[in-house]
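Below are the chains, spelled out letter by letter.
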Amino acid sequence: MTTPRPPRLAEALLGLILSPHDRAHALGDLHEEYGSLHRAAGRGAANRWYWSQVLRALGPSLGRRLRSPVSTLSRLAEQSRLAFRALRRRPGLVVTGVTTLALGIGAATAIFSVADAVLLRPLPYPEGDRLVTIWDTYDDWRGHEVLSGYWDRIPLSWPELIDLRERQTSFEEIAAYGTASAALTGAGDPEEVLVGYASATLFPLLGAPLHLGRTFSADEVGQGAPRLAVLSYELWRDRYGEDPDLAGTRVVLDDRSFRVIGVLRPGFLLSPLGPFAPGIGRHALWLPIGADGSPLERGNHAYETLGHLAPGVTLERAGTEAASILWADRDPDTRGVRVTLRRDEEIGDTARPLLLLLAAVGLLLVIACGSVASLLLGDAVGRRRELATKSALGAGTGLLVRQLALETAFLGLAGAALGVLLAHWGVGVLLTLAPPGLPLPPAIPLDLRILGFAAALGLGAGLAVGILPALTASRRDLRRDLYPRFGEGEGGRRSQRALIALQIAVSLVLLVSSALLARSFGHLHEVELGFDPGDLVTARVALPEARYGSPQEAALFFHSVAERLHDLPGVEGATAISAVPFSGRGGSSSFDLVDRDPPLGAPDPEALRRTILPDYHSVMRIPLVEGRYLEPSDRTEDAPVVVVSESMARRYWPDGSAVGSRIERDRREWEIVGIVADVLHADPSADALPTFYVPLDVAEARSTMTLVVRSGLPAGNVADQIRTTVWEVDPGLPVEDVATADALVARSTTEERFRTLLVTAFALIATLMCAVGLFGVVARGVSARTSELGIRVALGAGTSTLLGHVLAREIPPLVAGVVLGVAGSFAAGTLLAGFLFEVGPRDPASLGLGVAVLTGAALVAILAAARRALGLDPLRAIRAE
């Protein structure tokens, strides 16, 4: 006969309710009672009895389970109160620890905020993860001396966009936009504004919200498009005072009238990315593509094209389909299409510098944690009697460890709170210092994500710095700590010295890295530019085609302005060029060699083209290598002449002089009359590109030129002279981009300056932290050895002997840290190689400078801390023990 079993649910509940200790015996007894009752009274009575036992056991169990969290929270609150009281008794440790952690956490939070805004945040467009950019690619430009920089970034033409929209199946929608600049007149001073040319689908594709009016319809875009305009909110606010009746009125761009039909909401930002874009920034207003009257030809590659991938479509499939549509019957081997995520395009090459800064600030945070950990280790040594007394009174190891962990967690959270304030200030500084190419929003708020990151850093740092002191305290010998003997208290010194060695190593890595970047940055400023930027002031002037439609009118205007400027007091020379060096503007032109064939296998000849006034080279002080400069007499079209750069002469006439040779462009032959020194136009770290200079009077129409004035007067005065002179000739023209040539050159290295400045700041802060931590460790070590040192003084030890005893203990971790730091610096230099210019990753000067700075700071800290030992009174020292 089988033994009757109680209900399975009731038995399972009892198994959960009863404690593990009582479960086996209790269930056995209950089963026996259940069986007896089952045989005597039946299953129903037995089941009712069993459920009554479950209910009786449930009450006390629920009480225990409800009391357990309450008691846990109560104990935690009590331990927190004790932790606060313990920290309040040591204000020096709290101030030093919180400040050190705040510096590390604040710097890390600020850099993370910038990296988050650039690398992690989604694009501010609907379904931005499927937004792509579509480029034409010219494979035969790959590796070209002049064109290789944008062989795979060619904007599409308007006919290509139409073909793609009508035949593709990979995109839900396709849109395009182009960029230009124009002179905005009326309702204030003349102003050059950034103009966007948009397809009708652009604003719906990007979810651009409207504040007033409407955007363009499909029949308002294309060849012969009506002159309509949609204003940015910023332009509507700043220039038109938020006039609600502006819609329907007209604005004047380059002497042409456009009817305003809408105003966008604030904050709409679209960064032009193509190689021909005039700059990155907010478009002041938008026009429909074709509204400017320019021919929308297939060869006019002027429109960056965006698309939303259809669900399930890959980049590869979209690119293959687009190439089959656009290039199936036209040079498929050398032409193609590239489809890339818009997010990747906007991030571009900014990821590597930001990751470098994140790594540097991570090392700084490691040093901050190490410094606080060594400080807490020394404090734990000083508290050995307190901890031993608590242990003797019944406090277990777990309780002591939790107590110390709570103290350090509070330090970390306090450091995070102060670090957030430092990060708020630091983000503003970073936005001010950031290079203009970094795709950053105007402001980066410290939202909940950033605050959560800072809190996690603070809590993690607090717990991390408390692990070693807590473990050291948990392994204390109770008897020795209650009754310390001479020379004891050194138990935590080995851990402290290990932490100091680690801090020294990491600090040295940062110092050597900053030295490498600083030397590289210095070499950039020592590069021969090919011209003298001193005392040069530049200003760009764009002429509206409605008033200056012919090349002769444009040339006459710039000649007139330059002559007037030249005659002003204090002006040494005045000229004009289509794109001044380091302005970020300019273009190139292809040409043919008249008297020789190009080098075998070389691509078609191409060089930078600059249109100039005749005295440009002399004003810029560009050396003449051979032949002559352009002269005023070269203003005739009967025998057009050019001047070429040294690199162009070497490239295409390697076995003879280029002077007297001819090139063909614009269906005309141009005689080379001079060779000038190479000029760097954009990047000091790059080689000079072949360049030829053509006189403005003979070149095609140039509606935009940059005036260049050399004067010993203050730059502000010269800028005012340029504006006044231009407005004397034509008061309706905006004068833009007024800057010194030195400022333009400096602007080209803002990215290098940005990362060098930050890494150097981190390295100096790390060195200071390391020195302060070393000072604290040595000072505590000297204090712990007061009796020993006093006896040595009583036995006749002199100053040098005492100093030797102190240094003998503190120099080994310094040497170990330097050795580890040198090895780490070699590895860091290898990682930095891509950021360096004319500096090797293992540059001896940078390594020596880093070692010298760190060793000097460490020795100063050690000697300052050891000064107490040098003035010991032996009797007072022994009596104090």
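Residues numbered from 1 in each chain as written. Predicted model: local features only at pLDDT ≥ 70, side-chain atom pairs only at ≥ 80, totals over all residues. Heavy atoms only, no water.

J.: Hey, could you run me through the overall build of the protein chain in this one?
T.: When helices and strands are tallied, the protein chain shows 25 helices and 22 strands. Per-residue burial for the protein chain yields a buried fraction of 50% across its 881 residues. Contacts in the protein chain between residues at least 24 apart in sequence constitute 81% of all its contacts with a sequence separation of at least 6. In the form shown here, the protein chain has an accessible surface area of approximately 39900 Å², with 58% of it arising from carbon and sulfur atoms. (Helix = DSSP H or I, 4+ residues; strand = E, 2+ residues; numbered from the N terminus. Buried < 20%, exposed > 50% of the residue type's maximum accessible area, 1.4 Å probe, protein only. Contact = heavy atoms within 4.5 Å. Areas by Shrake-Rupley, 256 points an atom, 1.4 Å probe, with all protein chains shown as cover.)

J.: Would you mind showing me how to read helix H19 (residues 715-729) here?
T.: The α-helix winds at 3.6 residues per turn, so residues separated by three or four positions along the chain end up facing the same way. Here H19 contains 15 residues, and its C-alpha end-to-end distance of 22 Å stays within 8% of the 21 Å for a straight helix at 1.5 Å per residue. Here H19 has its buried residues at Val718, Ala719, Gln721, Ile722, Thr725 and Val726. Buried residues along H19 cover an arc of 160 degrees about the axis, so they all sit on one side. Elements in contact with the buried residues of H19: strand E11 (536-542), helix H16 (551-566), strand E12 (571-577), strand E21 (704-711) and strand E22 (735-740). (Expected span 1.5 Å × (residues − 1). Arc of directions from axis to C-beta.)

J.: Looking at this model, I keep getting lost on helix H5 (residues 158-167). Mind explaining?
T.: Restricting attention to buried positions, one finds in H5 the residues Trp158, Pro159, Glu160, Leu161 and Leu164. Elements that come into contact with the buried residues of H5 comprise strand E1 (131-138), strand E2 (171-185), strand E9 (304-309) and helix H8 (315-326).

J.: How should the packing of H5 against H8 be read in this particular structure?
T.: Working note: a packed helix pair is described by the angle between its axes plus the distance between those axes. The geometry of H5 relative to H8 is characterised by a closest axis approach of 10 Å and an angle of 120 degrees between their N-to-C directions. Judged on the interaxial angle alone, H8 and H5 are oblique. In this structure, H5 meets H8 at a crossing whose hand is right-handed. Residues Glu160, Asp163, Leu164 and Arg167 of H5 form the contact with H8, whose participating residues are Ala322, Ile325 and Leu326. Partitioned by chemical class, the residues of the contact of H5 with H8 number 4 nonpolar, no polar and 3 charged. (Axes fitted to C-alpha atoms, helices over the stretch in contact; angles between N-to-C directions. Parallel < 35°, antiparallel > 145°, perpendicular 65-115°, else oblique. Left-handed = near helix turned anticlockwise from the far one by under 90°. Nonpolar A, V, L, I, M, F, W, Y, C, P; charged D, E, K, R; others polar.)

J.: It is not clear to me how the nonpolar core should be interpreted in this structure. Could you clarify?
T.: Within soluble globular proteins, side chains that are nonpolar tend to cluster in buried spots. One finds Leu440 and Phe762 to be the most contacted residues of the largest nonpolar core, which totals 83 residues. Beyond its immediate stretch of four places on either side in the chain, Leu440 contacts Val114, Ala117, Val118, Leu431 and Ala434. (Core = buried A, V, L, I, M, F, W, Y, C linked by side-chain atoms within 4.5 Å.)

J.: What am I meant to see in the pattern of salt bridges here?
T.: This model, assessed by the stated rule, comprises 25 salt bridges. In this structure, Arg710 and Asp532 form a salt bridge, with 3.7 Å as the shortest nitrogen-oxygen distance. Taken together, the residues Arg710 in strand E21 and Asp532 in the loop between helix H15 (493-525) and E11 connect sequence positions 178 residues apart. Assessed through its relative accessible area of 28%, Asp532 is described here as partly exposed. Ionic pairing is found between Asp720 and Arg723, a salt bridge with its closest N-O pair at 3.4 Å. Taken together, the residues span about one helical turn, with Asp720 and Arg723 both in helix H19 at a distance of 3 residues. (Salt bridge = Lys/Arg side-chain N within 4 Å of Asp/Glu carboxyl O.)

J.: Please explain the packing of aromatic side chains as it appears in this structure.
T.: The geometry of an aromatic ring pair is captured by two quantities: the separation of the ring centres and the angle between the planes. Counting across every chain of the model gives 14 aromatic pairs. Ring centres of Phe203 and Phe216 lie 6.1 Å apart, and the angle between their planes is 50 degrees; on these two criteria the pair is classed as tilted. Here Phe203, found in helix H6 (residues 202-206), pairs with Phe216, found in the loop between strand E4 (210-213) and strand E5 (228-231); they are 13 residues apart in sequence, far enough to count as distant. Three or more aromatic residues link up through ring pairs in this structure, and these residues are Tyr177, Phe203, Phe216 and Trp286. Sitting over the face of the ring of Tyr652, Arg651 holds its NZ or CZ atom 5.3 Å from the ring centroid. Note that Arg665 overlies the ring of Trp670, its terminal NZ or CZ placed 5.7 Å from the centroid. (Phe/Tyr/Trp six-rings, centres within 6.5 Å; stacked < 30°, edge-to-face > 60°. Lys NZ or Arg CZ within 6 Å of the ring centre and 35° of its normal.)

J.: For this particular structure, what's the right way to read the pairing of strand E20 (residues 691-695)?
T.: A large share of E20 lies buried, amounting to 5 of its 5 residues. Side-chain alternation along E20 places Thr691, Tyr693 and Pro695 on one buried face and Phe692 and Val694 on a second face that is also buried. Relative to E20, strand E15 (residues 606-612) is paired through 5 bridges, and the arrangement is parallel. Bridging across to E20, Leu608 finds its partner in Thr691. Pairing of strand E17 (residues 641-645) with E20 involves 2 bridges; the strand directions are antiparallel. In the strand pairing of E20, Val643 is matched with Tyr693. (Pairing = 2+ DSSP bridges.)

J.: For this particular structure, what's the right way to read a negative patch on the surface?
T.: Among the surface-exposed residues, Asp592, Asp604, Glu664 and Glu669 lie close enough to one another that they form a single negatively charged patch. Position of Glu664 among the secondary structure elements: in strand E18 (residues 662-665). Residue Glu664 is classed as partly exposed on the basis of its relative accessible area of 33%. (Patch = residues over 30% accessible without salt bridge, like charges linked within 9 Å, V, L, I, M, F, W, Y side chains within 5 Å. Lys, Arg positive; Asp, Glu negative; His and termini not counted. Charge placed at Lys NZ, Arg CZ, Asp CG, Glu CD.)

J.: What exactly am I supposed to notice about the side chain of Ser514 here?
T.: Mapped onto the fold, Ser514 is located in helix H15. Non-local contacts of Ser514, meaning those with residues more than four positions away in its chain, are made with Val759, Thr760 and Ala763.

J.: I would appreciate a short explanation of the side chain of Thr340 in the present structure.
T.: Among the secondary structure elements, Thr340 is positioned in strand E10 (residues 335-341). On the accessibility criterion, Thr340 (12% relative accessible area) is buried. Side chain to side chain, Thr340 and Glu345 meet in a polar contact 2.6 Å long. (Polar contact = N/O pair within 3.5 Å; in protein donor to acceptor, adjacent residues only side chain to side chain.)

J.: Any chance you could explain unusual backbone geometry here in plain terms?
T.: Excluding glycine, a negative phi dihedral is what most residues carry, and trans is how most peptide bonds are arranged. Phi is positive for Glu242, close to 55 degrees, though the residue is something other than glycine. Inspection of the secondary structure puts Glu242 in the loop between helix H7 (233-238) and strand E6 (250-253).

J.: Explain a nonpolar patch on the surface here, please?
T.: A cluster of nonpolar residues, Leu103, Leu418, Leu421 and Leu422, forms a patch on the protein surface that exposes about 320 Å² of accessible area. For the nonpolar patch, the leading source of residues is helix H12 (residues 397-433), giving 3 residues. By the secondary structure assignment, Leu421 is in helix H12.

J.: Please explain the confidence of the model for the protein chain as it appears in this structure.
T.: Any segment with low pLDDT has predicted coordinates that should not be analysed in fine detail. Overall, the predicted model of the protein chain reaches an average pLDDT of 80, with 81% of residues at or above 70. Per-element mean pLDDT across the protein chain ranges from 47 in helix H14 (residues 478-482) up to 94 in helix H17 (residues 616-620). Predicted confidence is poor over residues 275-281, with pLDDT under 50, and the contacts of this stretch with residues over four places away or in other chains come to 19 contacts. pLDDT under 50 marks residues 477-491. Its contacts with residues more than four places away, or in other chains, come to 24 contacts. (pLDDT = per-residue confidence, 0-100.)

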